Structures are given as C-alpha cells and as structure tokens.
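Each chain, letter by letter, is given below.
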Amino acid sequence: MKSLLGLFMVLFAGNVMANDCQLEIEADDMMKFNQTSLSVSAASCPKVTVVLKHVGKLPAASMGHNWVLTKTADLQPVATAGMGAGLDKNYLPEGDARVLASTKVIGGGETTETTVDVAALEVGGDYSFFCSFPGHWAIMKGGFSVTE
Ligand code: CO
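Residues numbered from 1 in each chain as written. Predicted model: local features only at pLDDT ≥ 70, side-chain atom pairs only at ≥ 80, totals over all residues. Heavy atoms only, no water.

A.B. asks: Any chance you could break down the coordination of the cobalt ion for me, citing the residues and the numbers?
C.D. replies: Reference values for angles at a metal are 109.5 degrees in the four-donor tetrahedral case and 90 or 180 degrees in the six-donor octahedral case. Taken together, the protein donors to the cobalt ion comprise Gly64 (O), His65 (ND1), Cys131 (SG) and His136 (ND1), at separations of 2.1 to 2.7 Å. For the cobalt ion, the four donor atoms are set out with angles of 76 to 129° between them, so the coordination reads as irregular. Look at Cys131 and you get buried, because its relative accessible area is 0%. (Donors = N, O, S within 2.8 Å, 3.2 Å for Na, K, Ca; no water. Tetrahedral: all angles 85-135°; square planar, octahedral: opposite > 155°, others 65-115°. Buried < 20%, exposed > 50% of the residue type's maximum accessible area, 1.4 Å probe, protein only.)

A.B. asks: Pulling in residues and values, what's your account of the state of the cysteines?
C.D. replies: As enumerated under the stated definition, the model contains one disulfide in all. Each sulfur of the disulfide joining Cys21 and Cys45 lies 2.1 Å from the other. Across the S-S bond linking Cys21 and Cys45, the dihedral sits near -90°, which makes this disulfide left-handed. Note that Cys21 is positioned in the loop between helix H1 (2-17) and strand E1 (22-27) and Cys45 in the loop between strand E2 (37-41) and strand E3 (48-54), a separation of 24 residues in sequence. Cys45 shares its class with Cys21; the two are buried. (Disulfide = S-S within 2.5 Å. Helix = DSSP H or I, 4+ residues; strand = E, 2+ residues; numbered from the N terminus.)

A.B. asks: I'd like a rundown of the sheet that holds E1, residues and numbers included.
C.D. replies: Pairing is mixed across the open sheet formed by three strands, whose spatial order is E1-E3-E6. Both edges of this open sheet fall to E1 and strand E6 (111-116), since each of them pairs with a single strand only. Averaged over neighbouring strand pairs, the angle between their axes works out to 20° when direction is ignored. (Pairing = 2+ DSSP bridges. Axes fitted to C-alpha atoms, helices over the stretch in contact; angles between N-to-C directions.)

Structure below.
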C-alpha cells in the first residue's frame, strides 16, 4: 500500500513537472539572448509561458532586459515608441495593441515571465521577440514561429 502511494506520488510529480508549454530564454550582461529563435506548436500549446532569466550581474537601469513579442513588422516601430517610456513603464508604449506579450524589465540575477496567447496568433505568421531597453532591440531579437 505504501509503495503504491509512493509510485502514485512519483507519477503525479512527473506529470506536474512535464510542462511542454513553457519556453525559457536567457539574457546576459553582453546584451544578448541565448537563443535567436523560438517556436511553439499551436495545437499542443494554446498558451505558452515564456520565462526570461537575466544571468548577468548588472542592474536593470544600465543593462535591463525584457521579452516582448510583436509581429516582425511592428518590432522597430514599437521599440522606437517605447524608448521614451522609461524603465517604470518597461520601455513600452502603454496599452499598445501591437505588443502581443511582454515581461517587465529585469536586472542581473532576476527572472520574470509572461504568457503568450498562442491561439490568438497566426500559424506561420511572421513574429519576432526582442528586448525594448533603449538600444538593445537591434541585437537582442529573434524569430518566433507558430507551427500547427
Ligand atoms: Co536588453
């Protein structure tokens, strides 16, 4: 009886930990993401959690990073519009519908996350992620693809 319960606990824990609808990406003090493309399957993940980890040491004020998702065509306009918004607004224009998902800006040693409503995106659509900290988007960006 006791071992059965133990087995059940192991299976249950394994089930909870197996989260395929989660993407992880790291950013560092060299102004870089550790991945240049991310992909999610719309059929298996109607929603996906994107976890951003800042593995550097510098504070958000000088080397802040966030993770922002837009259509690729909207990346530069949104990044430019967000430049003047300030750190407290995470360098993003407020209430901008072009921003499909975004985390707050974090500093070294911090972790943050956001949820992408994959079901609302277009399979095969042209999406990109980037960091909206002023001057970062030119380097800190990548493709985000939605497969079936
Ligand atoms: Co950045």
